[in-house]
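Notes for the structure review
Letter by letter, the chains look like this.
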Amino acid sequence: MYDKPAARKNAVWQRCMQTWQKIMRQREGAEVMDQIMKERVDLLEQWIRESDNVVFFGGAGVSTESGIPDFRSVDGLYNQQYDYPPETIISHSFYRRNPEEFYRFYKNKMLFPEAKPNAAHLALAKLEQQGKVRAVITQNIDGLHQAAGSREVLELHGSVHRNYCTRCGKFFDLSAILGMEGVPRCECGGIIKPDVVLYEEGLDQTTLQRAVHYIQEADVLIIGGTSLTVYPAAGLIDYYRGHKLVLINKSVTPMDNRADLVISGPIGEVLGDAVGV
């Protein structure tokens, strides 16, 4: 005779076993991934330890752990809604045509005076002090590498901490800009422009040439927190001639297949573990 209670009990037991097996497979998979991550971070640590010519090239992902949004991430500025697309607002022609709207966006969405250096910034500063990191090349404009203690920082896209009157050339720091309402103006009446590279503007050639030099001469090149899709900065990887190219990123990049070591994870966590900060 068919025993319905026994059948139900057996079905429940089978489902429990299936769930347990699934959990165990997930746990085993996680343990394998943790081991792979550990081995890769250990290799990074070894390469850093054995070298005195490390160059770092970083993008927006380096600063997201400090609370500064990545322009191109899912939750970044590019995916928010404004009267104009962010690419338009932070262009040179828009700045000239509509400085009021430019500065409204710039002050609200691109200035983060309370942000502090995270483990990635601190690790790189520590390595420079140890004579290992020769230069930090950054696409960021927040000045957090300098705040962490790095001295040789090449800012490809400029810095919010430098601002100049477009008429007389007078310098203004970030606090001066934050203290002015609307479009910041100099005593002479000229508009103050941040020393950041806007769309339609070219990179500073001296800074770019120095970056190329450091990358060409590097023993270890660590690239982190960047999608490697923004040119000409992304093209800097082509100048590397060594065999210790490290990519650290949360997501896949178009250059992963060219790297000697790929580590998927938060840049602060990875560098912090490798350097011990």
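Look above for the structure.
Rules and cut-offs
Think of each chain on its own: its residues are numbered from 1, step by step along the sequence as written. Owing to the predicted nature of the model, reporting of local features is limited to residues with pLDDT of at least 70; listing and counting of side-chain atom pairs is limited to 80 or more, with chain, interface and lining totals taken over all residues. Each side-chain value is derived from all of the structure's non-hydrogen atoms; neither hydrogens nor water enter the calculation. The buried label applies to any residue whose accessible area, calculated with a 1.4 Å probe on protein chains only, is under 20% of its type's maximum; exposed applies above 50%, and partly exposed to all values in between. By the criteria applied, helices consist of DSSP H or I runs no shorter than four residues and strands consist of E runs no shorter than two, each listed in order from the N terminus. Between any two strands, pairing holds if DSSP finds at least two bridges. For each structure, a 1 Å grid was placed over the protein atoms alone; sets of points admitting a 1.4 Å probe that cannot get out are labelled cavities, open sets with protein on both sides within 12 Å along at least five of seven lines are labelled pockets, and lining residues have an atom within 4 Å of a point. Grid points are joined across faces, edges and corners, and a volume is the space filled by probe spheres set on the points. Polar here means any residue outside two lists: the nonpolar Ala, Val, Leu, Ile, Met, Phe, Trp, Tyr, Cys and Pro, and the charged Asp, Glu, Lys and Arg; Gly therefore counts as polar. The term salt bridge refers to a pairing of a side-chain nitrogen on Lys or Arg with a carboxyl oxygen on Asp or Glu at a separation within 4 Å. Any N or O atom pair separated by 3.5 Å or less is treated as a polar contact, with the protein-specific requirement of one donor-capable and one acceptor-capable atom, and with residues adjacent in sequence counted only for side-chain atom pairs. Pairs of residues are marked as contacts when any of their non-hydrogen atoms sit within 4.5 Å. Orientation is described by axes fitted as lines to C-alpha atoms, over the contacting stretch for helices, and by angles from 0 to 180 degrees between their N-to-C directions. Crossing handedness: left-handed means the near helix sits turned counterclockwise from the far one by under a right angle, and right-handed means the same turn made clockwise.

**Here we look at the pairing of strand 7 (residues 220-224)**
- Strand 7 sits mainly inside the fold: 5 of its 5 residues count as buried.
- With burial as the criterion, each face of strand 7 is covered, one bearing Val220, Ile222 and Gly224 and the other bearing Leu221 and Ile223.
- Where strand 1 (residues 54-58) and strand 7 come together, 5 bridges link them in parallel fashion. Counted as the bridge partner of phenylalanine 56 is isoleucine 222 from strand 7.
- Bridge count between strand 7 and strand 8 (residues 245-249): 4 bridges; the pairing is parallel.

**Here we look at the layout of surface pockets**
- In this structure, the second largest pocket spans a volume of roughly 160 Å³.
- As for the second largest pocket, its lining consists of 14 residues, and the residues nearest its centre are Gly158, Asp195, Val196, Val197 and Asp204.
- Counting residues per element, the ones that place at least two in the lining of the second largest pocket are strand 4 (158-165) and strand 6 (192-196).
- Sorting elements by how many residues they give to the lining of the second largest pocket places strand 6 first, with 4 residues.
- The residue makeup of the lining of the second largest pocket, split by class, is 4 nonpolar, 4 polar and 6 charged.

**Some points on the pattern of salt bridges**
- Evaluated as defined, the whole model comprises 9 salt bridges.
- A salt bridge links arginine 104 to glutamate 101, with the shortest nitrogen-to-oxygen separation between them at 2.7 Å. You can see arginine 104 and its partner glutamate 101 sitting in helix 5 (residues 99-109), 3 residues apart, about one turn around the helix.
- The shortest N-O distance in the salt bridge between glutamate 201 and lysine 193 comes to 3.3 Å.
- In this structure glutamate 201 comes out as partly exposed when scored by relative accessible area, which is 24%.
- Each of Glu155, Arg162 and Asp195 takes part in one network of salt bridges that share partners.

**Digging into the side chain of lysine 107**
- Position of lysine 107 among the secondary structure elements: in helix 5.
- Of the polar contacts made by the side chain of lysine 107, one reaches the backbone oxygen of methionine 180; its length is 2.5 Å.
- With residues up to four places along the chain from it excluded, the contact list for lysine 107 reads Ile177, Met180, Glu181, Gly182 and Pro184.

**Describing the packing of helix 6 (residues 119-129) against helix 10 (residues 267-275)**
- In the contact formed by helix 6 and helix 10, the axes pass within 7 Å of each other and the chain directions differ by 35°. Judged by the twist between their axes, the crossing of helix 6 over helix 10 is left-handed. Across the interface between the two elements, Ala119, Ala120, Ala123, Leu124, Lys126 and Leu127 from helix 6 touch Ile267, Gly268, Leu271, Gly272 and Val275 from helix 10.
- For the contact of helix 6 with helix 10, the residue count by class is 8 nonpolar, 2 polar and 1 charged.

**A look at the side chain of serine 159**
- Note on placement: serine 159 falls in strand 4.
- The class for serine 159 is buried, based on a relative accessible area of 2%.
- Within the local environment of serine 159, its side chain forms a polar contact with the backbone nitrogen of histidine 161, the two atoms lying 3.0 Å apart.
- Among residues more than four places away in sequence, those in contact with serine 159 are Ile141, Asp195 and Val196.

**Some remarks on the sheet that holds strand 5 (residues 171-172)**
- Within the open sheet, the 3 strands sit side by side as 5-4-6. Their pairing is antiparallel. This sheet does not close on itself; its edge strands, each paired only once, are strand 5 and strand 6.
- In terms of strand pairing, strand 4 meets strand 5 through 2 bridges, oriented antiparallel. By the bridge assignment for strand 5, asparagine 163 is matched with phenylalanine 172.

**Points about the environment of glycine 131**
- Relative to the assigned elements, glycine 131 resides in the loop between helix 6 and strand 2 (133-138).
- Judged by relative accessible area, which is 40%, glycine 131 ranks as partly exposed.
- Taking the C-alpha atoms as reference points, glycine 131 and valine 54, 77 residues apart in sequence, are found 9.2 Å from one another.

**Observations concerning the environment of glutamate 87**
- Position of glutamate 87 among the secondary structure elements: in helix 3 (residues 86-89).
- Accessibility expressed as a relative area gives 34% for glutamate 87, which makes it partly exposed.
- Separated by 112 residues in sequence, glutamate 87 and tyrosine 199 place their C-alpha atoms 7.1 Å apart.

From the geometry alone we can't say anything about function, so treat these as descriptive.
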